[in-house]
Amino acid sequence: MSRIVSYETQTLENPNPIARFAHTQRYARSVSLSSDLLPEGGAIVDFGAGTGHMLATLHKRRPDVRLIAIEPFMPQLPDPAITYLSELSRVRDVDLVTCFEVIEHLLGDEVERFLDDARQAIRPEGRVVISVPIMQGPVLPLKVVSGAMLHRRRPEYSLGQLVRGTLGLSVPRVPDSRHSHRGFDFRELRGKILKMLDIEQEFYSPFTRLSWTVNSQAFFVCAPKK
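Parameters at a glance
The residue numbering used here restarts from 1 in each chain and proceeds along that chain's sequence as written. A pLDDT threshold of at least 70 governs which residues receive local features in this predicted model, and a stricter bar of 80 or more applies before side-chain atom pairs are shown or counted, although totals over entire chains, interfaces and linings include all residues. In computing side-chain properties, one takes all heavy atoms of the structure into account and sets aside hydrogens as well as water. Exposed residues in this analysis have more than 50% of their type's maximum accessible area, buried residues have under 20%, and partly exposed residues fall in between, with area computed by a 1.4 Å probe over protein chains only. In this text, helices come from DSSP runs of H or I with a minimum length of four residues, and strands from runs of E with a minimum of two, each type numbered from the N-terminal end. In this description, strands pair whenever DSSP reports at least two bridges between them. If you view a crossover with the strands going away from you and the path from the first strand over the helix to the second runs clockwise, you call it right-handed. Only Phe, Tyr and Trp rings are paired, with Trp represented by its six-membered ring, and only when their centres lie within 6.5 Å; those with planes under 30 degrees apart are stacked, over 60 edge-to-face, the remainder tilted. Angles run from 0 to 180 degrees between N-to-C directions of axes, and those axes are lines fitted to C-alpha atoms, restricted for helices to the stretch in contact.

Notes on the pairing of strand S1 (residues 43-47)
Then step 1. Within S1, 5 of the 5 residues are buried, which leaves the element mostly enclosed by the surrounding structure.
Then step 2. Covered by surrounding structure in S1 are Ala43, Val45 and Phe47 together with Ile44 and Asp46, the residues of both alternating faces.
Then step 3. Bridge analysis of S1 against strand S2 (residues 66-70) gives 5 bridges, and the strand direction is parallel. When the bridges of S2 are listed, Ala43 appears paired with Arg66.
Then step 4. In this fold, the crossover linking S1 to S2 by way of helix H3 (residues 53-61) has right-handed handedness.
Then step 5. In this structure, S1 lies alongside strand S4 (residues 94-100), joined through 3 bridges in parallel fashion. Residue pairing for S4: Val45 is matched across the bridge by Val97.

Observations concerning the packing of aromatic side chains
Then step 1. According to the stated counting rule, one finds 6 aromatic pairs in the structure shown.
Then step 2. Between Phe21 and Phe207, the ring centres sit 6.0 Å apart and the planes meet at 35 degrees, which makes this aromatic pair tilted. With a gap of 186 residues between them, Phe21 in helix H2 (residues 17-37) and Phe207 in the loop between strand S6 (197-205) and strand S7 (217-224) connect regions that are remote in the sequence.
Then step 3. According to the relative accessible area criterion, Phe21 is partly exposed, its value standing at 37%.
Then step 4. With a centroid separation of 6.3 Å and 50 degrees between ring planes, the pair formed by Phe100 and Phe219 is classed as tilted. Here the residue Phe100 occupies a position in strand S4, and Phe219 occupies one in strand S7, the gap between them amounting to 119 residues. Accessibility classification places Phe100 together with Phe219 in one group, the buried group.
Then step 5. Grouping aromatic residues by their ring pairs yields a cluster made of Phe100, Phe203 and Phe219.

Describing the sheet that holds strand S5 (residues 122-133)
Then step 1. With mixed pairing, 7 strands are arranged side by side in an open sheet as S3-S2-S1-S4-S5-S7-S6. With partners counted over all chains shown, the strands left at the sheet margins are strand S3 (82-85) and S6, one partner each. With direction set aside, neighbouring strand axes in the sheet form an average angle of 20 degrees.
Then step 2. Where S6 meets S7, 8 bridges bridge the pair, whose relative direction is antiparallel.

Shown next as structure tokens:
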């Protein structure tokens, strides 16, 4: 029988030191990148802000920045510096839209809807930053085993699917991806992004100098199409 595991335990407080390291590096890179891309007195919208940890950490570094969170599922962080809104489509003229580890859980046309809302939300010189998990390559078995042990459940990949994914091949998506990463492919997301935005930079974490095959997350820094 599986157990309910908090988001913090799945990420920054993960008992698996390898997973904890990957998430710690991801959070640090998300804050640093956001800080670098924001102008003085700028505004950021974090889509799927979760517990608000990223925005709260960013505020300590950049108290001049206006913080906006879109989070329909998790409780709002009682932080007066953060303004919570219900929909990204209501936002206009911000400098940065971020979406960290969220797109892999969107259903149907929600990915395209997010990208469209994001490009309309930012100013002409604004940016959209997206990070997603890498669910292909040699790191996949480590992620699958770690997740199964953490949640105390059977792995959600069959042996054949695990072999395909480890080799970098496609794996069928689960019917409800709200609570699963199985089958998500960041390379397919890249194609969807390019239909609406330009990708200025693509890099991987936690080892930015190495290829995606030995990394845990992919980052995309995007700009309005020229």
